[in-house]
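Topology and contacts: notes
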Amino acid sequence: MTGTPGIRDEQIPLLSVVVPVYGVERYLDDCLNSLVDQDVSQEIIVVIDASPDRSVAIAREFEAAYDQVRVVENPVNIGLGAARNVGLGHARGKYVTFPDSDDMVVPGAYAALVASLERSGSDFATAYADEFGTSSGRQRYWTTRPSVYATGAEGATLADLPELVYDHTAWTKVFRREFLVHEDIRWPETTKCEDVVPSMRAYAAASAFDVVPLCMYLYRRRPGSITTALTSSRTILDWAVQVREAFRVVEGVGVPEAVQFFVEKAMRYEVASRIKSLGDVDDETRLTATTLVTELLEASEAATLRRVPTPTLTAVLGLLAGPEPEARHDGLPAALLEALSLTADGPGSAPAAHTGPMVSVVMPTFDVDPWIDACVRSVLEQTMGDLELIVVDDHSTDGTWEKVLDWASRDARVVPVRNPGSGGAQARNAGLELAAGRYVIFCDGDDLVPRHAYRTLLDLAESSAADVTVGGFQRVWTSTTWSDPKKYGLETRLERTTLDLNPRLIRNRTCWNRLVRRDFWVEHRLHFPTTPRGNDMLPMTAAMRFARSIAVTPEVVYHYRARPGASSMTARLGDVRSLIGYFVQERLCAVLVAEDDRSELAREYWHMALGSDAWATLGKLLQDGFDHLEKEDRVAVSAAVAGLVSLAPFEALERIGARRALVFHLAAHGHLDLARAVWEREVGKRFAGGSDTITTFAEALSTAMADGFDRRLAGKVWRNDVMRPFIDVSHAWDDELGERMMVFASKIDPEVSVRSTATPATREVRVAEALLHGELNDVWRESQYNPYKYRPKFAASITGVQGRVVHLRGSGPVRPGVRVLRLLALGSVGKQRDVQSQRLFGRVSVNEKGWSVDADLTALEPGYDWRLRVIVEDAFGELELPVRIAWPGGASSLSVVRPMRLADGDELGLRTFASGTARVATAVRWRGIRVGRRARKLRAYRAVEWRIQRAAKNRRNRKKAELQSAARRNDA
């Protein structure tokens, strides 16, 4: 029944709830509230074990308010086990259970378990628990992860469900009280590991038990609790003694499968968490723990130990054989040696032959029912059949799990597993622990694997002895595919390379297109971190960084399905948890890869991270909006962005562009609204010349500079995104805009003067000076002068090359009054323009008949696309103008980079332009129309644009007329 204050009930309750209490005043109220709300006839026996805090007062308050609650006080502290035995002695109910006083019970849980026992007549019932209180949030408690907890069972025995020896907790069970009394099951009173033996005795002695498929218990992880103190000598000794006794109980049942499950649980979780502490404990504790481990290994099979992480087995080997490299393995358990591929002669002998499959394929799945059959079929039909497919289902809610089980019943290579945790990362880690192959590879349950993919990767891995073997991939839509192997460094077959030799490989960090040696994975202790997005970024980056040898094949080995829906990764791109998780993982990758900011690998990494992945992730949040975010979430987003951006060198920020660098800086310092405004301008969602845009950019820049934004980048933003748009709209701005610009100029221009940062241009400098002087009329007047309107044109052709000196001859006269001051060369890399600037020396001749230049290119470096500029002075001041070099015979309508071989054999990339006639001819060829003789003589592509548009319109009109004529004929 539900607890009701002030009402006394003299009936014998159906359930007795025994709650030992010691030092939990912070949590006791939550615990008792969850108990009194249970919808079952019960008594709650609170055993106060001489608690030194206010726990007794809290319990007495509940006793006064609820008839179900009885308080029993121990005069001295006797321990958790003894307190439970005291409560069991006071119990009157038909059933009894034992929750801890700092945890909580899910509403309706006890009613469900009691109903199951009433229905089946079993000796006890159990259900699963969730734990909370850590940074990972709420997740399944590790002892209640077997898949039977999701399906349920009634009247089962340990022979039916041997995997339940994993469960050694008292608080997930409701016992028949007569069963405990008859079997004399009591809790040990002098140990901290009091649950292990009673739980195993209950499973061994029960004629039947029930498993109810629900979460009944919320276990609180907290500092100072018994289960968080695992490394002291006393705790390890208690654990070893209790586990040895429990193991004897399980061995006595006569169920071999239960023995193997117990060994796996003890080695995989309990020994693994304590093995490193055995070097710091006393001799008695070490001897007892070593005896326990030896007994477990002697009873184990090699297949069981292969499911235990190799680092744990290696540590056990060191415990038993000694740390010396020359230690022999005589007398060690054979299962341990076989699991580690060792022989009794010691580490110097030849390793045992590999008996498992060549490749283990780990496939996490979650709600992929429409695609799982095709995916599994594509793996099992590989031309390389020596594989195992470990499918780890993350508790799917559709028909995915049933289809996986169906495949497992038809093909023995399929190993179906329920995820012991939650999320794709834990699913992959669980699959890795079960993997027995020489190599491991990953596959998502909604994608496809080409038929020869694994054979291609395996042959290359074997022939090259590579630690990591990478292949190409395709992104697949319903009607199209996409692949760019050159972008990721996958266009050429390579047998022995490294990340330093081929830095473009860092651009691709997915796990499903690479085959990894399993012993290499274990050696470097790689694992997938639990994060909402990008859990393969860090382990794949680490694998590529640590690999002694990498092999590459350009063949497509994976088809990545781009599918809509909230469950796909791209759909969660803008989720705040995904964003924070991505930036945290990216920062770890940056620390791992970009140790030397000057290396080519660091340059490639930062260009990928800031210019692509991080920009897309932050842009998705800015696009979707963040008005719904709480203040704490905004702070967390900014902190995550700052963690990555703070590591980026100036060269990386300069390479992605000043505007994008400003977006990252604003987001990192908490100014998300301003960051969104700048981002909108960068992606074309905001008009550059609007008054709001100009003032917003000025405000964003002023705010960023106050937070330490680099002055060199700030100068570019001030010039290109504030001053130039302001001048361009000078005919339309009002006094209010001018006055606001004066305020911003007084804050910004003294720090990053246009004169010192901008390309020499008299109008920009004069407008900035007028703004500083505070005269609106002067600002407007200076804005109207346009020196570019009458600028001279410098079009030239190459007439010869002598050494590293290039001779250019101009194609027309230069108007009087123009004086050439100097030559510049600006170098670009890919889409990043003007990353290098070099002054050129040479001789320039200008007169009314024409002009010529002898440019010395000695200072130019190969690897850049160079374009030439000339600085001239006329009546308007200094101007920087392009030198348009016409390539002989050029026929492109766009500027292109031509390789120019110099006399000394070096080759430079020089940006050139085709002649006007060639530009028109190309437009004609592209559009497929005819133009008149006069049009062919025009020197600009836009001169024929009207003819192109008219021709297209005529085609549409003709097609429309034909359709109308055909319709009239049909009507007739």
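Residues numbered from 1 in each chain as written. Predicted model: local features only at pLDDT ≥ 70, side-chain atom pairs only at ≥ 80, totals over all residues. Heavy atoms only, no water.

Remarks on the overall build of the chain
Of the regular secondary structure elements, the chain holds 34 helices and 28 strands. Restricting the contact set of the chain to residue pairs at least 6 apart, pairs at least 24 apart contribute 74%. About 43400 Å² of surface is accessible on the chain, with carbon and sulfur atoms providing 50% of the total. (Helix = DSSP H or I, 4+ residues; strand = E, 2+ residues; numbered from the N terminus. Contact = heavy atoms within 4.5 Å. Areas by Shrake-Rupley, 256 points an atom, 1.4 Å probe, with all protein chains shown as cover.)

Some remarks on the side chain of glutamine 38
Secondary-structure assignment places glutamine 38 in the loop between helix H1 (28–36) and strand S2 (42–49). A relative accessible area of 0% means that glutamine 38 is categorised as buried. Within the structure, the side chain of glutamine 38 is placed 3.1 Å from the backbone oxygen of serine 34, a separation counted as a polar contact. Polar contacts involving the side chain of glutamine 38 include one to the main-chain amide nitrogen of glycine 108, which spans 3.4 Å. (Buried < 20%, exposed > 50% of the residue type's maximum accessible area, 1.4 Å probe, protein only. Polar contact = N/O pair within 3.5 Å; in protein donor to acceptor, adjacent residues only side chain to side chain.)

Some thoughts on the nonpolar core
Counting residues in each nonpolar core, the largest one holds 129 residues, and the members touching the most others are Val359, Tyr454 and Tyr605. With residues near it in sequence (within four places) discarded, valine 359 still touches Met384, Asp386, Leu387, Glu388, Gly437, Tyr439, Ile441, Leu458 and Leu515. Residues Leu15, Tyr110, Ala125 and Trp187 belong to the second largest nonpolar core, which totals 104 residues. (Core = buried A, V, L, I, M, F, W, Y, C linked by side-chain atoms within 4.5 Å.)

Remarks on the state of the cysteines
Counted according to the given criterion, the structure contains zero disulfides. The structure places no disulfide on cysteine 443, whose sulfur is separated from the nearest cysteine sulfur, that of cysteine 375, by 3.6 Å. (Disulfide = S-S within 2.5 Å.)

Let's talk about the pattern of salt bridges
The tally for this structure, following the rule as stated, stands at 43 salt bridges. Note that aspartate 519 is salt-bridged to arginine 517, the shortest N-O span being 2.4 Å. Notably, a salt bridge pairs arginine 676 with aspartate 627, separated by 3.9 Å at the nearest N-O pair. Taken together, the residues span a long stretch of sequence, with arginine 676 in helix H25 (residues 672–682) and aspartate 627 in the loop between helix H21 (600–624) and helix H22 (631–645) at a distance of 49 residues. Given a relative accessible area of 59%, aspartate 627 falls into the exposed group. (Salt bridge = Lys/Arg side-chain N within 4 Å of Asp/Glu carboxyl O.)

Examining the side chain of arginine 659
Residue placement: arginine 659 occurs in helix H24 (residues 658–668). Its relative accessible area of 19% is what places arginine 659 among the buried residues. Of the polar contacts made by the side chain of arginine 659, one reaches the side chain of glutamate 682; its length is 3.1 Å. Look past the residues within four positions of arginine 659 in its chain and what remains in contact with it is Val678, Arg681, Glu682, Phe697, Val717 and Asp721.

What to know about the packing of H21 against H22
For the pair H21 and H22, the least separation of the axes is 12 Å and the interaxial angle reads 170°. With respect to each other, H21 and H22 are oriented roughly antiparallel. Counted together, Tyr605, Trp606, Leu610, Ala614, Leu618 and Leu621 of H21 and Val637, Val641 and Leu644 of H22 form the full contact between these two elements. For the contact of H21 with H22, the residue count by class is nine nonpolar, no polar and no charged. (Axes fitted to C-alpha atoms, helices over the stretch in contact; angles between N-to-C directions. Parallel < 35°, antiparallel > 145°, perpendicular 65-115°, else oblique. Nonpolar A, V, L, I, M, F, W, Y, C, P; charged D, E, K, R; others polar.)

A look at unusual backbone geometry
Across the chain, the bulk of peptide bonds are trans and the bulk of non-glycine residues have phi less than zero. Non-glycine residue alanine 50 carries a positive phi angle of around 55°. By the secondary structure assignment, alanine 50 is in the loop between S2 and helix H2 (55–65). You can call alanine 50 partly exposed: its relative accessible area is 30%. Phi at histidine 395 takes a positive value of approximately 60°, unusual for a residue other than glycine.

Overview of helix H26 (residues 691–706)
Helix length check: H26 (16 residues) gives 23 Å between terminal C-alpha atoms against 22 Å at 1.5 Å per residue, within 8%. Of all the positions in H26, only Thr693, Ile694, Thr695, Thr696, Phe697, Ala698, Ala700, Leu701, Ser702, Ala704 and Met705 are classed as buried. At the exit of H26 stands glycine 708, carrying a positive phi of roughly 95°. (Expected span 1.5 Å × (residues − 1).)

A short note on the packing of aromatic side chains
In this description, an aromatic ring pair is defined by two values, namely the gap between the centres and the angle between the planes. This structure, assessed with the given rule, holds 24 aromatic pairs. Both rings, one in tryptophan 171 and one in tyrosine 219, keep their centres 5.1 Å apart while their planes meet at 15°; by these two values the pair is stacked. Here tryptophan 171 is found in the loop between strand S8 (153–156) and strand S9 (173–176), whereas its partner tyrosine 219 is found in strand S10 (residues 209–220), with 48 residues between them in sequence. When the ring of phenylalanine 473 is compared with that of tyrosine 488, the centres are 5.5 Å apart and the planes differ by 45°; the resulting orientation is tilted. Placement of phenylalanine 473 in strand S15 (residues 468–476) and of tyrosine 488 in the loop between strand S16 (481–482) and strand S17 (494–497) is noted, with a sequence separation of 15 residues between them. Of the two residues examined, phenylalanine 473 and tyrosine 488, each falls in the buried class. A connected cluster of aromatic rings, assembled from ring pairs, spans Phe98, Phe124, Phe175, Phe179, Trp187, Tyr203 and Phe209. The ring of tryptophan 407 has arginine 410 sitting right over it, with the charged end atom 4.2 Å from the ring centre. For arginine 676, the ring lying beneath its charged end belongs to phenylalanine 626, and the centroid distance is 4.4 Å. (Phe/Tyr/Trp six-rings, centres within 6.5 Å; stacked < 30°, edge-to-face > 60°. Lys NZ or Arg CZ within 6 Å of the ring centre and 35° of its normal.)

Some details on helix H15 (residues 400–410)
All of the buried residues along H15 are Thr400, Trp401, Val404 and Trp407. Buried residues of H15, seen end-on, are gathered within an arc of 120° and therefore sit on one face of the element. Among the exposed residues of H15, those oriented more than 90 degrees off its buried face are Ser409 and Arg410. Where the residues of H15 are buried, they touch strand S11 (359–365), helix H14 (369–380), strand S12 (387–393) and strand S13 (414–418). (Arc of directions from axis to C-beta.)

Here we look at the pairing of strand S6 (residues 124–132)
Of all nine residues making up S6, nine are buried, and the element is well covered by its neighbours. Across three bridges, S6 lies against S9 in antiparallel orientation. Paired with phenylalanine 124 across the bridge in S9 is phenylalanine 175. Alignment of S6 against S10, held across eight bridges, turns out to be parallel. Along S10, the bridge assignment pairs glutamate 131 with tyrosine 219. (Pairing = 2+ DSSP bridges.)

Here's the deal with the environment of valine 174
Checked against the element boundaries, valine 174 lands in strand S9. Not counting residues within four places of it along the chain, the set of residues in contact with valine 174 comprises Leu15, Tyr95, Val96, Thr97, Tyr110, Leu113, Val114, Leu117, Phe124 and Ala125.

So, the environment of arginine 686
Summarising the element assignment, arginine 686 is placed in the loop between H25 and H26. In contact with arginine 686, other than residues within four places in its own chain, are Ala677, Glu680, Arg681, Asp692, Thr693 and Thr696.

Observations regarding the confidence of the model for the chain
A residue-level look at the chain finds 76% of positions with pLDDT of 70 or above and a mean pLDDT of 79. In this model residues 755–761 is a low-confidence stretch, pLDDT under 50, and it forms 18 contacts with partners more than four residues away in sequence or in other chains. Low confidence marks residues 922–944, where pLDDT is under 50. Its contacts with residues over four positions away, or in another chain, come to 36 contacts. (pLDDT = per-residue confidence, 0-100.)

Re the packing of helix H20 (residues 576–593) against H22
At a closest axis distance of 8 Å, the pairing of H20 and H22 adopts a crossing angle of 20°. The orientation of H20 relative to H22 falls into the category roughly parallel. At the point where H20 passes H22, the crossing takes the left-handed sense. Along the contact surface, H20 presents Val576, Leu579, Ile580, Phe583, Glu586, Arg587 and Ala590, while H22 presents Asp633, Ala636, Val637, Ala640, Val641, Gly643 and Leu644. Here the contact of H20 with H22 is composed, by residue class, of ten nonpolar, one polar and three charged. (Left-handed = near helix turned anticlockwise from the far one by under 90°.)

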